[in-house]
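Fold and contact review
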Amino acid sequence: MGFNLDDYEPVASRLDRFLKAHPDARVITDLVHYLSDVAVFKCELWLNGEIIATGWAEEIRGQGVLKTSHVEVCETSSVGRALANAGLAGSDFTKRPSREEMGKVQRMQGDTAITENSNLASEKQQNMIRAVCKSMGKVPPHNLQAFSKREASAYIDSLKAGEQPAPTYDAPEEPF
């Protein structure tokens, strides 16, 4: 099964739209399970004192980004699931999963042909962003694993120029 990660919207983009549309909304995440390198998160979206959606995610410590950041990836995935359940699934309703979730599918398949054709930032680019952010006393972007190669390059250039880079997304921001 082949797919293009660029067809799926990152969680950060969905979350940004949700919070702009509902500035007093609350996004509450909870690590409900962590044992033997398995993390499970639940996310609740609250609006006007009521839960409007929930999302669950599970990650297992593995290789690459999951070797050190599986908990963070799991939390982000739970937020993405909750946003999708609230109707924020991007401009194409058939692309309900987030880019991060489809990245997980790609990792689980272990399909090197799909991985080689992926436009995701390389491990080297991600490590460069982490190192430069650390040297500048900044926190790397939470959605770094979802950056495309182009986004990572632009982010690195902005950091080196001393600018405060803004995250960019390949998916256009369209209203529902």
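Rules and cut-offs
Residues numbered from 1 in each chain as written. Predicted model: local features only at pLDDT ≥ 70, side-chain atom pairs only at ≥ 80, totals over all residues. Heavy atoms only, no water. Helix = DSSP H or I, 4+ residues; strand = E, 2+ residues; numbered from the N terminus. Contact = heavy atoms within 4.5 Å. pLDDT = per-residue confidence, 0-100. Buried < 20%, exposed > 50% of the residue type's maximum accessible area, 1.4 Å probe, protein only.

Turning our attention to the environment of Q126. Within the secondary structure layout, Q126 lies in helix α6 (residues 123-135). Separated by 15 residues in the primary sequence, Q126 and P141 have C-alpha atoms spaced 9.9 Å apart. Discounting chain neighbours no more than four positions away, the residues touching Q126 are A121, L144 and Q145.

All right, on to the confidence of the model for the protein then. Mean pLDDT for the protein: 77, with 69% of residues reaching 70 or above. Mean pLDDT across the elements of the protein ranges from a minimum in helix α5 (residues 112-117), with 42, to a maximum in strand β2 (residues 38-47), with 94. Here residues 111-117 is a poorly scored stretch, pLDDT under 50, and it has six contacts once near neighbours within four places are set aside; other chains count. The low-confidence segment residues 168-176, where pLDDT is below 50, has 25 contacts with residues more than four positions distant or belonging to other chains.

We now examine the environment of I51. Along the chain, the position of I51 falls in strand β3 (residues 50-60). Looking at I51, the relative accessible area reads 41%, which means it is partly exposed. Placed 25 residues apart in sequence, I51 and R26 show a C-alpha to C-alpha distance of 9.2 Å.

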